2 protein chains.
Amino acid sequence: MDEFSLIETYFKPLHASRDDVILGIGDDAACLRVLPNHHLVVSSDTLVADVHFLSSWDAYDIAYKAVMVNVSDIAAMAATPCWVTLALTLPKIDTTWLTRFSKGLSEALNHFNIALVGGDTTRGPLSMTLTMFGVAKGDKILRRSGAKSGDKIYVSGALGAAAFAVTLTKASLLPQADIMELMHKLQHPYPRIDLGANLQIYATAGIDISDGLAADLNHICEASQVGACLNLAQIPIHPLVQQYQPHKALDFALHGGDDYELCFTINPTLEAKFLASMAAMKCQCYPIGSIETQLGLRGRKENSEVIDLKTFGYRHF
Amino acid sequence: MDEFSLIETYFKPLHASRDDVILGIGDDAACLRVLPNHHLVVSSDTLVADVHFLSSWDAYDIAYKAVMVNVSDIAAMAATPCWVTLALTLPKIDTTWLTRFSKGLSEALNHFNIALVGGDTTRGPLSMTLTMFGVAKGDKILRRSGAKSGDKIYVSGALGAAAFAVTLTKASLLPQADIMELMHKLQHPYPRIDLGANLQIYATAGIDISDGLAADLNHICEASQVGACLNLAQIPIHPLVQQYQPHKALDFALHGGDDYELCFTINPTLEAKFLASMAAMKCQCYPIGSIETQLGLRGRKENSEVIDLKTFGYRHF
């Protein structure tokens with residue numbers, strides 16, 4: 001099997017039913033019709049073997065996660081994902097692996113009606129770069145830079161499970177069902193595209209939590225030239241992390257990363273309307289603190305003591 | 001230095017002066033304004049160390065080539081390149097290397113006023129994926145699939161130099177100036193964006209020559225369900241390949257690849273107008289054969305004997 005039949009077999013079928021794909025896989029480039037009065041939103045994420053996933057993972061999970069981390073970036077812009085290119089580097093052609101990879105890719109893309117429209121296939125150490133394109137109505141995108149002092153800080157879901165899952169080994173004494181649930185959070189994150197419409201209207205800034213809440217909220221603060229204070233007891237932590245790691249649970253939530261929930265800020269005068277809209281959509285979200293003029297990141301303990309928070313998260317180098 | 005200051009130092013300055021970049025490097029995704037009545041053209045190419053380039057190359061040349069191979073794909077669609085994302089995987093942070101890489105990237109992008117709008121930086125074996133976006137007026141893109149029997153086949157320039165350059169070693173006895181010229185063809189290909197306007201009007205199909213003329217013309221034939229016959233003596237071969245490899249020169253041109261010239265087909269009734277337009281633009285091009293209904297690729301020797309041509313080219317696996 002050569003690279004062309006590889007593409008034909010495993011990737012060409014993943015075109016989704018989108019009539020805005022003028023020309024998909026198989027030419028020098030893809031050609032896409034972009035809607036008038038919509039902006040194009042583009043995100044690129046690389047996953048490297050034994051850095052972002054273990055080579056031993058089921059290829060289904062590797063592909064699934066690769067899609068979801070890119071969808072999460074599009075979600076963090078309050079845009080809608082439409083198309084993706086896949087640049088896949090493989091040490092060799094393994095059809096069993098490719099079949100699982102293609103299946104994971106297909107199922108993840110189908111969740112959002114995203115068409116695979118092109119890419120590249122090369123030989124080398126296992127890694128992949130997905131570049132995803134979404135559209136946003138007019139200029140209504142959710143930037144990192146719009147947070148103002150007084151804004152309320154929210155997260156879209158419980159944190160810490162994926163980072164805890166990374167620490168699990170074969171020797172873990174947890175019940176199999178709990179291990180499965182934690183690994184599911186790590187391998188199959190579900191990006192919060194559902195919040196897009198509400199965030200476009202109500203949020204002043206937003207980011208997806210990939211490096212850890214502290215590091216990612218700090219990106220918002222730096223881009224917006226503000227600081228933040230979190231009410232530490234309000235940070236939602238996944239119940240299995242609370243149960244098995246009660247003393248480290250907050251650390252997993254603040255510095256663990258890989259959660260792919262959204263962190264965003266809401267102007268307090270719009271907060272009631274925002275919460276009513278979220279309730280109408282049956283979307284939960286959690287207030288965790290406020291934006292302040294004082295730069296830096298702080299945490300308020302239950303006894304009201306305020307401490308400085310470290311802003312480190314996942315670092316590649 | 002962490003990944004964020006790396007991006008800030010080496011890549012954020014490469015934004016070009018484009019007012020259609022609503023939001024560039026530094027958020028979850030880039031946001032781009034696409035022109036009304038224009039289609040978006042997207043191409044993705046990965047370059048892996050010691051597969052597509054030698055790790056020992058000047059990082060300037062690596063970046064330069066990475067840009068040009070993507071521009072070439074956009075050129076092969078008769079579109080105009082506008083924006084690019086860079087997903088860069090590095091074994092470690094080496095600021096000397098990054099300075100050269102960033103300079104090569106910058107100069108290559110500036111040739112075409114392309115803005116670097118985002119990407120990803122990860123740790124792992126050296127490789128990079130560029131995803132490039134161009135725009136094409138309306139649906140006037142140049143596909144591989146439009147060639148018809150009777151169409152004349154053209155290439156945009158001399159072939160074989162890059163493939164010959166790959167075979168050169170430190171022990172090569174060629175004069176230094178000739179080695180430099182050949183390495184320049186390998187490391188600094190210049191994509192034929194200049195032909196876009198003419199190809200949009202006159203060409204029935206087109207492709208860029210990355211895998212070798214035979215393999216790439218065969219892609220046109222397969223996509224168009226036709227065959228082709230080349231007049232072997234008409235194929236333009238780089239003079240240094242003719243000079244140093246007279247017996248293998250045609251093989252380098254047919255099967256060598258890495259040329260990044262364009263191969264395209266012209267309806268014979270429009271050929272005179274096409275050539276007049278090319279002459280007016282001072283663009284050279286070379287007629288090398290004709291499309292035929294009989295499938296497969298053939299070559300006509302100077303003695304009129306017709307032989308079957310192999311369609312192999314560069315293969316990753």
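Everything below is about the structure printed above this text.
Residues numbered from 1 in each chain as written. Chains lettered and ligands numbered in written order. Predicted model: local features only at pLDDT ≥ 70, side-chain atom pairs only at ≥ 80, totals over all residues. Heavy atoms only, no water.

Let's shift gears to the relation of the copies chain B and chain A. Taken together, a rotation about one axis and a shift along it account for how the two chain copies relate. At an RMSD of 0.0 Å, chain B and chain A line up after a rotation of 180° and a shift of 0.0 Å along the axis. Considering both components of the superposition, the chain copies are consistent with a two-fold axis. Using C-alpha coordinates, one finds that chain B approaches the rotation axis most closely at B:P36, a distance of 2.9 Å. Interface overlap between copies is the fraction of interface residues in one copy that are interface residues in the other; for chain B against chain A it reaches 100%, indicating a shared surface. (Least-squares fit on C-alpha atoms with pLDDT ≥ 70 in both. Contact = heavy atoms within 4.5 Å.)

Here we come to the environment of A:E302. Tracing the backbone through its elements, the reader meets A:E302 in the loop between β12 (296–300) and β13 (306–308). Counting along the chain gives 278 residues from A:E302 to A:G24, while the straight-line C-alpha distance between them is 55 Å. (Helix = DSSP H or I, 4+ residues; strand = E, 2+ residues; numbered from the N terminus.)

For A:D258, which is not a glycine, the phi torsion comes out positive at approximately 70°. Mapped onto the fold, A:D258 is located in the loop between α9 (249–255) and β10 (262–266). Residues other than glycine seldom take positive phi values, yet B:N37 does so here, at roughly 65°. Within the fold, B:N37 resides in the loop between β2 (30–33) and β3 (38–48). Of the residues examined, B:N37 reaches a relative accessible area of 70% and is grouped as exposed. (Buried < 20%, exposed > 50% of the residue type's maximum accessible area, 1.4 Å probe, protein only.)

Looking now at the interface of chain B and chain A. Of the residues lining the interface, 59 residues belong to chain B; the matching set on chain A comes to 59 residues. Regarding the contact of chain B and chain A, the summed buried area is about 5100 Å², with carbon and sulfur atoms giving 60% of it. In this assembly, chain B and chain A are joined by four salt bridges. Contributing elements (two or more residues each) for the side of chain B that touches chain A: α1 (3–11), β1 (21–23), β2, β3, β4 (80–90), β5 (115–123), β6 (127–137) and β8 (203–208) of chain B. The dominant element in the side of chain B that touches chain A, judged by the number of residues it contributes, is β3(B), at nine residues. Classifying every residue of the side of chain B that touches chain A by side-chain character gives 27 nonpolar, 17 polar and 15 charged. Alignment of strand β3 (residues 38–48) of chain A against β2(B), held across four bridges, turns out to be antiparallel. If you follow A:V41 over to β2(B), its bridge partner there is B:C31. (Buried area = accessible area lost by both parts, 1.4 Å probe. Salt bridge = Lys/Arg side-chain N within 4 Å of Asp/Glu carboxyl O. Nonpolar A, V, L, I, M, F, W, Y, C, P; charged D, E, K, R; others polar. Pairing = 2+ DSSP bridges.)

Residue and element names in this part refer to chain B. Counting buried positions over the 11 residues of β6 gives 10, a clear majority of the element. The pairing of β3 with β6 spans 11 bridges and is classified as antiparallel. Paired with H39 across the two strands is A136, which belongs to β6. Relative to β6, β4 runs antiparallel, the two being bridged by nine bridges. Paired with W83 across the two strands is F133, which belongs to β6.

Before going further, it helps to examine helix α3 (residues 95–110) of chain B. All names here are of chain B. With 16 residues, α3 extends 22 Å from end C-alpha to end C-alpha; this agrees with the ideal 22 Å at 1.5 Å per step. Among the residues of α3, those classed as buried are W97, L98, F101, S102, G104, L105, A108 and L109. Seen from one end, α3 has its buried residues packed into an arc of 165°, which puts them on one side. Seen from the open side of α3, the exposed residues pointing more than 90 degrees away from its buried face are T96 and N110. (Expected span 1.5 Å × (residues − 1). Arc of directions from axis to C-beta.)

Another aspect to go through is the packing of aromatic side chains. In the structure shown here, the tally under the stated rule is 20 aromatic pairs over all chains. An angle of 35° between the planes, with centres 5.5 Å apart, marks the rings of A:F112 and A:Y190 as tilted. One end of the pair, A:F112, is in the loop between α3 (95–110) and β5 (115–123); the other, A:Y190, is in the loop between α5 (176–187) and α6 (196–202), with 78 residues separating them in the sequence. Looking at A:F112, the relative accessible area reads 13%, which means it is buried. Between the aromatic rings of B:Y202 and B:F274, the centroid separation amounts to 5.9 Å while the plane-to-plane angle is 65°, which identifies the pairing as edge-to-face. (Phe/Tyr/Trp six-rings, centres within 6.5 Å; stacked < 30°, edge-to-face > 60°.)

Before going further, it helps to spend a moment on the sheet that holds β1(B). Spatially, the six strands line up as an open sheet ordered β5(A)-β4(A)-β6(A)-β3(A)-β2(B)-β1(B), and their pairing is mixed. One side of each edge strand has no neighbouring strand; the edge strands of this open sheet are β5 of chain A together with β1 of chain B. Across the sheet, the mean angle separating the axes of adjacent strands is 20° when strand polarity is ignored. Packing of helix α2 (residues 59–75) of chain A onto the sheet brings it into contact with β3, β4 (80–90) and β6 (127–137) of chain A, and relative to β3(A) it is tilted by some 145°. (Axes fitted to C-alpha atoms, helices over the stretch in contact; angles between N-to-C directions.)

Residue and element names in this part refer to chain B. With 12 residues, helix α7 (residues 213–224) ought to run about 16 Å at 1.5 Å a step, and its terminal C-alpha atoms sit 16 Å apart, in line with that. Taken across its 12 residues, α7 has 10 buried, putting it largely inside the fold. Regarding α7, the residues found buried are L213, A214, A215, D216, L217, N218, H219, I220, C221 and S224.

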